[in-house]
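Tertiary structure, described
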Amino acid sequence: MKKVSKILALLLALAMVLSFVACNKTPVEPESTTDEVLTTEEPTTAEPTTAEATTEEQPADESTTEPTTPASSTTEPSTGVTTTATTATTTTTTTTAPPKDLTTKEVLDLFNAATKKVVDQKAGYDKKRFTKITGIDFGLLGNLAIVKEAVYGFLGITDTATGEGTYTAKAEKGKASDLLQVSTLAEGDVKSAKAVSDGKGGYTITIEVKDGTTSWSGKGGTDPGSGTAKSAIDKGPLCYGIEDNEKFDHKNARLVYNAINGADGASTEGIRETTSGVKFTAKTDDQGRLTSLTGRMDMIVYVDHVKYTGITLRNKSGQGYGTIEYSNFKY
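Analysis parameters
- Residues numbered from 1 in each chain as written.
- Predicted model: local features only at pLDDT ≥ 70, side-chain atom pairs only at ≥ 80, totals over all residues.
- Heavy atoms only, no water.
- Helix = DSSP H or I, 4+ residues; strand = E, 2+ residues; numbered from the N terminus.
- Buried < 20%, exposed > 50% of the residue type's maximum accessible area, 1.4 Å probe, protein only.
- Contact = heavy atoms within 4.5 Å.
- Areas by Shrake-Rupley, 256 points an atom, 1.4 Å probe, with all protein chains shown as cover.
- Lys, Arg positive; Asp, Glu negative; His and termini not counted.
- Salt bridge = Lys/Arg side-chain N within 4 Å of Asp/Glu carboxyl O.
- Polar contact = N/O pair within 3.5 Å; in protein donor to acceptor, adjacent residues only side chain to side chain.
- Pairing = 2+ DSSP bridges.

1. Here we look at the overall build of the chain
Each helix and strand in the chain was counted, giving 7 helices and 12 strands. Residues counted as buried form 32% of the 331 residues belonging to the chain. Once local pairs closer than 6 in sequence are excluded, the contacts in the chain between residues at least 24 apart make up 65%. Of the roughly 20100 Å² of accessible surface on the chain, 53% is carried by carbon and sulfur atoms.

Structure, rendered in structure tokens:
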């Protein structure tokens, strides 16, 4: 009976040890048995199948227990520590390069093309010209009404007391008009030509035209005379012509010659005219069309051998300036 009690106690102790091992999954060497247990008359061998099976570590199910490693994670082979690499987000700012500076030729091409669109598309617009005579040296002859009519009239001067005049006209959309002409300015005609982008496809254009001179001479009266009637300014968009007409902005020497010789009883044999300070400022839209246009010029007219009722004037002159505005373009 004593031996049986010892065997039972040993089995209980062994069961506790195996239970502890199963919980901690750490193999524990069983305590050594005494000689007395080994020499019992009725040795009892415990069935270890159930208990021992619980002590063996079961292989992990890869489909459920293996952690999913992010694409950006790396496992250090020496330590088994998983580290997550932080991917820096680079923000690229796209900067639109400023429009390149246009060459003189490119500016003139842009300007000329814009004036051509006005003519070809029969655009509508308003035109206004202001003329101011700042000085005139015609002596007594200059005070005569017929001379004032000839000189002031074709310049568009409506107020002879102040020497000022305003001319207005309107081009109807869809109808051909000659109040503005196609510019053919070339590099040799200008002092400078610049274009500043508005950032939306349009430009502000500034062109300074070279000074020009026209001259016309003849016998006076009905003699048509001859000479040079066109200068750099006449390659621009302003109106000019060969006959006296109020719509003409540039009054060249031929026009002055014809105006004076056309006056009753007056005659001139020689006219010379110069323009300076000629400047065009225009704006175009993203389709290359004019949206506004302004021109300015200073002018001096020299007359020689002007005759009227027995009086002859030599080397007299008059000077002034004009500004021309085109606005309200409709395409």
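2. A short note on the side chain of aspartate 234
Its location among the elements puts aspartate 234 in the loop between β8 (226-228) and α7 (253-262). Of the side chains with opposite charge, lysine 230 lies nearest to the buried aspartate 234, which makes no salt bridge, at 6.9 Å. Contact partners of aspartate 234, with chain neighbours within four places excluded, come to Gln181, Ala229, Tyr240 and His250.

3. Observations concerning α7
For α7, a buried count of 7 out of 10 residues is recorded, marking the element as mostly surrounded by other parts of the structure. Ala253, Leu255, Val256, Tyr257, Ala259, Ile260 and Asn261 are the residues of α7 that are buried. The distance from a side-chain oxygen at the start of α7 to the backbone nitrogen of arginine 254 is 3.1 Å, and the residue carrying that oxygen is asparagine 252.

4. Side note on the pattern of salt bridges
Under the definition given, this model contains 11 salt bridges. Close ionic contact of aspartate 249 with lysine 127 constitutes a salt bridge, the shortest N to O distance being 2.9 Å. With aspartate 249 in the loop between β8 and α7 and lysine 127 in strand β3 (residues 124-137), this pair connects stretches of sequence that are 122 residues apart. The exposure classification of aspartate 249 matches that of lysine 127, with both residues buried. Notably, a salt bridge pairs lysine 191 with aspartate 211, separated by 3.5 Å at the nearest N-O pair. With lysine 191 in strand β5 (residues 190-197) and aspartate 211 in the loop between β6 (203-209) and β7 (212-217), the pair connects residues that are 20 residues apart, well separated along the chain. One salt-bridge network, in which partners are shared between bridges, spans Lys127, Arg129 and Asp249.

5. Structural notes on unusual backbone geometry
One can expect most non-glycine residues to show negative phi and most peptide bonds to be in trans. Even without being glycine, lysine 122 reaches a positive phi, approximately 50°. Following the sequence through the fold, lysine 122 ends up in the loop between α5 (104-120) and β3. Not every positive phi belongs to a glycine, and asparagine 328 is a case in point at roughly 55°. Looking at the secondary structure, you find asparagine 328 in strand β12 (residues 316-330). A relative accessible area of 44% places asparagine 328 in the partly exposed class.

6. Some details on the pairing of β6
Side chains Tyr203, Ile205, Ile207 and Val209 of β6 all project onto a buried face; the interleaved residues Thr204, Thr206 and Glu208 project onto a face where none is buried. Here β5 folds back onto β6, and the loop between the two strands holds 5 residues, one of which, glycine 199, carries a positive phi near 80°. Taken together, the 6 bridges between β6 and strand β9 (residues 266-284) define a ladder with antiparallel strand orientation. The residue of β9 that forms the bridge with threonine 204 is lysine 283.

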